[in-house]
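Summary of structural features
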Amino acid sequence: MITPPVPEGATEGTALSHHQGSLNTKMASREKDLEEEIYDKVVDLTEYAKRQRWWNRVFGKNSGPIAAKYSVATQIALGGASGWCAGYLCQKVGKVAATAVGGGLLLLQIANNTGYIQVDWKRVEKDVDKAKRQLKKNTDKAVPELNTFMEKSTDFVKKNIVVTSGFAGGFLLGLAS
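In what follows, the accompanying structure is described. Remember, predicted model here, so these are calculated numbers, not experimental data.

Across all of its chains, the model carries two aromatic pairs by this definition. Taken together, a centroid distance of 5.1 Å and an interplanar angle of 15° make the contact between Trp 84 and Tyr 88 stacked. With Trp 84 and Tyr 88 both in helix α3 (residues 72-114), this residue pair falls four residues apart, about one helical turn. Relative accessible area serves as the criterion here: at 35%, Trp 84 is assigned to the partly exposed category. Tyr 88 gets classed as partly exposed once you look at its relative accessible area, which sits at 32%. Here the aromatic rings of Phe 167 and Phe 171 are separated by 6.2 Å at their centres, their planes lie at 20°, and the arrangement is stacked. Remark: Phe 171 and Phe 167 occur in helix α5 (residues 161-176); sequence separation between them is four residues, near one turn of the helix. Under the relative-accessibility criterion, Phe 167 is labelled partly exposed at 35%.

This paragraph deals with a nonpolar patch on the surface. There is a patch of nonpolar side chains on the surface, built from Val 101, Leu 105, Leu 108, Tyr 116, Ile 117, Val 119, Trp 121, Val 124 and Val 128 and spanning about 910 Å² of accessible area. Relative to the helices and strands, Val 124 resides in helix α4 (residues 121-159).

To continue, consider α3. In this model α3 runs 62 Å from its N-terminal to its C-terminal C-alpha over 43 residues, within 8% of the 63 Å that 1.5 Å per residue would give. Of the residues making up α3, those classed as buried are Gln 75, Gly 79, Gly 80, Gly 83, Gly 87, Gln 91 and Ala 111. If you follow the buried residues of α3, they end up packed against α5. Of the residues trailing α3, Gly 115 is marked for its positive phi of about 95°.

Negative charge collects at one region of the surface, where Glu 31, Asp 33, Glu 35 and Glu 36 lie side by side. Turning to its location among the elements, Asp 33 is positioned in helix α1 (residues 12-51).

Procedures and definitions
- Residues numbered from 1 in each chain as written.
- Predicted model: local features only at pLDDT ≥ 70, side-chain atom pairs only at ≥ 80, totals over all residues.
- Heavy atoms only, no water.
- Phe/Tyr/Trp six-rings, centres within 6.5 Å; stacked < 30°, edge-to-face > 60°.
- Helix = DSSP H or I, 4+ residues; strand = E, 2+ residues; numbered from the N terminus.
- Buried < 20%, exposed > 50% of the residue type's maximum accessible area, 1.4 Å probe, protein only.
- Patch = residues over 30% accessible without salt bridge, like charges linked within 9 Å, V, L, I, M, F, W, Y side chains within 5 Å.
- Areas by Shrake-Rupley, 256 points an atom, 1.4 Å probe, with all protein chains shown as cover.
- Salt bridge = Lys/Arg side-chain N within 4 Å of Asp/Glu carboxyl O.
- Expected span 1.5 Å × (residues − 1).
- Contact = heavy atoms within 4.5 Å.
- Lys, Arg positive; Asp, Glu negative; His and termini not counted.
- Charge placed at Lys NZ, Arg CZ, Asp CG, Glu CD.

Written out as structure tokens, the structure reads:
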């Protein structure tokens, strides 16, 4: 073992502890430098991620959240909370609507079977055919409006992918609760 030179007025034991102390200081300095280097790389990575969002490659250059001034966690939380509220509301309204429609059909069927009402099936068939023809005519007229709505919706989803994904998850949770 190579021993370091002993400073004047010091014994060999204190010189060894002085040497170990300087080694510890050097190691601490190296660890600190390594931590700073890692931190710089992480910061560089986050800056890179801000400039090169993955959805830009998937959805195009014009994509990016409109709510970019909020953090990702805030965007997901707001989307999730509003999605949960919408899902919960749809669940409750859907149950009421299904009960009303089902109950109404049940009452009509009971009334038909007991003889309270008589259904003119030929007239029903004629009215259904007329409604089908009108629906086909109106669908051809509504296609451009539907296309613009779909384009606007797609653009909104592309620009707000974080909020939209939070909303979708919250909506599904709201339906399930």
